[in-house]
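Observations on chain architecture
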Amino acid sequence: MNTFEFTHAPIDAAALAEPLACDAAGGFASFEGRVRNHHAGRPVTGLEYEAFEALGVTEGERIVAEAKSRHGALAARCVHRLGRLGIGEVAVWVGVAAPHRAEAFAACRAIIDEVKHRVPIWKKEHYAEGASGWVNCEHPGPVHAAPAFDYSRQRALPEVGAEGQARLGAARVLVVGAGGLGCAVLTSLAGAGVGALTIVDHDTVQPSNLHRQPLYTASDTGRPKAEAAAVRLNDYNPTLRIRAVTQRFDAECASALVAEADVVVDCTDNFASKFLVNDAAVRAGVPAVLASVYQYEGQLQVVRPDRGGSCLRCQWPEATRDGLVGNCEQAGVLGPVPAVLGQLQAMEVLKIILGLPGQLQDELLLVDLLACGQRRLAAPRNPGCRDVCVRIESVPVQSTPDDLDVDLPLAAAAAAGYRVVDIREPMECKFEPLPLSGQQSLPLGRLLDGGLRVEPDRRYLLVCAHGVRSRAAAEFLRARGHANVWSLRGGLAAQGG
Ligand SMILES: [Zn+2]
């Protein structure tokens, strides 16, 4: 017997009560919630219920277990109907067997109250004069009742207004990854009233996440992130439809999830997922807002296949391997860095939904939170990316050229005729100068912006701190036809050790 379940079939109270029979029970209490024929003065003809089933069952089972232990009940269960119901039908049933009547009543009452409060169920009332919208069961009533969440401060913006607010309410946004970026994105989009949010994340909450992922509390440790985030956001703004997907975001689910979204937000920390988001978005013609963070820096890119804009592969044609960009675990991160980048992502999402000016397209925004600086770099369509941008169909992952890395002491490389290009940021160069003279200094951002004049008859060796950015930059230039560019393996850290 499941202690909490959803059913599409009519509820048979006697059958449900049978397994609760228990010789030690002196009391049995049951409750039936039924569909009535009026609500808030309007005649009702029927109801429809919808739920987040997986999340709802987990939460429902937890509620039943809590009530049993708190009130000393012997057995208890709750069943909630879903789908279309007529007047008089039983929508929810609770049964409790306990040693005495007081415990049975108390546990029964606690279960129905908590289910109303905590289980993600929505209902749509059908009135004699037409249907109302979906409302969260915790806040039943016609959609035009006093709003549970007041958007007046943002509606006051002339660019938003009632029409913009309605657009936000009708928008469906898919957020891939509920980590540091995702927490910021989700909070802002839920606050703005984006009507339907889908959260995909297969990870569970870890204590090491908490410093930068404030949607979770210490007691969420071990819970699936998508679920914990959905519960928290549902408390924050119960007027929204928030859906948790706890499976891995893979090629199988990517197209379906992306296709039903108006905007996709990439909040993952690895390149494989970013390419999945990019490719699915391009294929479906859905805008995607991508961001990544590395220590104190972040990068933002908006992919607009709906406007013929450039995509992630236009800049990174080689399917870059994981580990090329350090994740937070390896590289370390301060909480505000993903928070700032996530807020920038949320802002771009709102700009897209509301049609506000200044939308990022064919550009990269680089943010350096140590230097308090930000730069916009051109990131145009790469004509070589036509296969991806135009006809994407399962792009084969190209293997990275083996001969991209050069393993030489810098002085020897210079002596061998390589033109050494230091692509680190000026601050890094100052702290740890190259053990060399005559090198060219060109930060990665400027290089990606086309700042390196590659002469065909010279050989170039790109250098950074650990050989990660330089390898990415070399791949970037190779993909643009410059075969005479290499990366110093292991970067400066591997020199003279
Ligand atoms: Zn492209």
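The coordinates are above.
None of the values given here were measured: they were computed from a predicted structure.

Among the secondary structure elements, V205 is positioned in the loop between β11 (196-200) and α7 (225-236). Along the sequence, V205 and D220 sit 15 residues apart, while their C-alpha atoms lie 6.3 Å from each other. Apart from the residues lying within four places of it in its own chain, the contact partners of V205 are L210, Y216, D220, T221, G222, R223, K225 and A228.

Reading across the sheet, the 5 strands line up as β18-β22-β21-β19-β20 and stay open at both edges, with parallel pairing between neighbours. Strands with a single pairing partner mark the edges of an open sheet, and in this sheet they are β18 (405-406) and β20 (440-441). With 3 bridges joining them, strand β21 (residues 459-463) and strand β22 (residues 485-488) adopt parallel strand pairing. Paired with L461 across the two strands is W486, which belongs to β22.

The next thing to look at is the packing of aromatic side chains. With the rule as written, the count across this model stands at 5 aromatic pairs. Here the aromatic rings of F149 and Y236 are separated by 5.5 Å at their centres, their planes lie at 85°, and the arrangement is edge-to-face. Highlighted residues: F149 in the loop between β9 (130-136) and α4 (152-155) and Y236 in helix α7, separated in sequence by 87 residues. Three or more aromatic residues joined by ring pairs make a cluster, and in this case those are F149, Y151 and Y236. For the cation-ring pair, R480 lies above F476, with the distance from its terminal atom to the ring centre recorded as 3.7 Å.

Below, the discussion takes up the nonpolar core. If you look at the biggest cluster of nonpolar residues, it comprises 52 residues, and the most contacted ones within it are V173, L189, V194, L197 and I199. If you count residues domain by domain, this core takes at least three from each of domain 1 (4-127) and domain 2 (155-391). Residues within four places of L189 in sequence aside, it is in contact with V173, V194, L197, A346, V349 and L350. If you look at the next biggest cluster of nonpolar residues, it comprises 48 residues, including F275, L447, V454 and A473.

Our focus in this paragraph is the packing of helix α8 (residues 251-259) against helix α9 (residues 271-284). Relative orientation of the contacting elements α8 and α9 amounts to 45°, with a least axis distance of 9 Å. When the axes of α8 and α9 are compared, the pair comes out oblique. Considering the relative orientation of α8 and α9, their crossing is right-handed. Contacts between α8 and α9 pair A251, A254, S255, V258 and A259 from the former with L276, A280, A281, R283 and A284 from the latter. Across the contact of α8 with α9, the residue classes break down as 8 nonpolar, 1 polar and 1 charged.

Rules of the game
Residues numbered from 1 in each chain as written. Predicted model: local features only at pLDDT ≥ 70, side-chain atom pairs only at ≥ 80, totals over all residues. Heavy atoms only, no water. Helix = DSSP H or I, 4+ residues; strand = E, 2+ residues; numbered from the N terminus. Contact = heavy atoms within 4.5 Å. Pairing = 2+ DSSP bridges. Phe/Tyr/Trp six-rings, centres within 6.5 Å; stacked < 30°, edge-to-face > 60°. Lys NZ or Arg CZ within 6 Å of the ring centre and 35° of its normal. Core = buried A, V, L, I, M, F, W, Y, C linked by side-chain atoms within 4.5 Å. Buried < 20%, exposed > 50% of the residue type's maximum accessible area, 1.4 Å probe, protein only. Domains from an automatic or database assignment. Axes fitted to C-alpha atoms, helices over the stretch in contact; angles between N-to-C directions. Parallel < 35°, antiparallel > 145°, perpendicular 65-115°, else oblique. Left-handed = near helix turned anticlockwise from the far one by under 90°. Nonpolar A, V, L, I, M, F, W, Y, C, P; charged D, E, K, R; others polar.

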